[in-house]
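# A look at the structure
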Amino acid sequence: APVECDTTVYRRGWFWSPNAERQRKPADEMLRTFVNSVGNGGVLLYNAHIESAKNDVFRHRQIDEILLDGPHAKDRPVIFAGDFNTSKAPANSAIVQCLIDEGFLDALGPVETARRTSINHEQPLDWIFVRNLWPETGRVIQVPRASDHFPLEAAVTVAPSAGGTGGLASAAPS
């Protein structure tokens, strides 16, 4: 069984665009991907880059679209990581709250923990959220001059009721 399965919900490319709905893979194709990967014990990884030029309503719609892909994955291990462009404090972020409401945990520690994930923003923009995985440790690796975002790293183990294997989850800067 695969340890990790990376997939996109779109026919072309990894990124959302205004006409993405027309490019979205059909449900039967996404279900086949799920059954042949996560269904065999793999960990489903969404590495997202949520739009920064729009508002929170727009960003929330992008998160919702990704979450719609995996209602059948409620009991399987999922990593949802990347640049979420959450410029608000975590406690005030509708995006962070939405993921928590969907059963995701912040793999870097309690959401209240202050951390800087980019050079130009005090509030965290980058996240590693997990569901049906237990975060063991997590950190922001402050590497100056490599990017305007710092790499994130989290060690996770599989929750007892989920399939798959444990391992290291990383979100590279975008």
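Above: the structure in question.
Okay, so let's go over this structure. (Residues numbered from 1 in each chain as written. Predicted model: local features only at pLDDT ≥ 70, side-chain atom pairs only at ≥ 80, totals over all residues. Heavy atoms only, no water.)

Moving on: the packing of aromatic side chains. This structure, assessed with the given rule, holds five aromatic pairs. When the centroid spacing of 5.1 Å and the interplanar angle of 55° are considered together, the rings of Phe-80 and Phe-84 count as tilted. For the pair Phe-80 and Phe-84, a shared accessibility class is recorded, and that class is buried. Here the aromatic cluster, defined as three or more aromatic residues joined through ring pairs, consists of Tyr-46, Phe-80, Phe-84, Phe-104, Trp-127 and Phe-129. (Phe/Tyr/Trp six-rings, centres within 6.5 Å; stacked < 30°, edge-to-face > 60°. Buried < 20%, exposed > 50% of the residue type's maximum accessible area, 1.4 Å probe, protein only.)

Locating Gly-103 in the fold gives a position in the loop between helix H4 (94–101) and strand S4 (105–106). Looking at Gly-103, the relative accessible area reads 38%, which means it is partly exposed. Spatially, the C-alpha atoms of Gly-103 and Arg-131 are 6.1 Å apart, while their sequence positions differ by 28 residues. Non-local contacts of Gly-103, meaning those with residues more than four positions away in its chain, are made with Val-130 and Arg-131. (Helix = DSSP H or I, 4+ residues; strand = E, 2+ residues; numbered from the N terminus. Contact = heavy atoms within 4.5 Å.)

Listed in full, the buried residues belonging to H4 are Ile-95, Val-96, Cys-98 and Leu-99. Down the axis of H4, the buried set is contained in an arc of 160°. They therefore lie on one face. The inward-facing, buried residues of H4 contact helix H3 (56–68), strand S3 (78–83) and strand S5 (126–131). (Arc of directions from axis to C-beta.)

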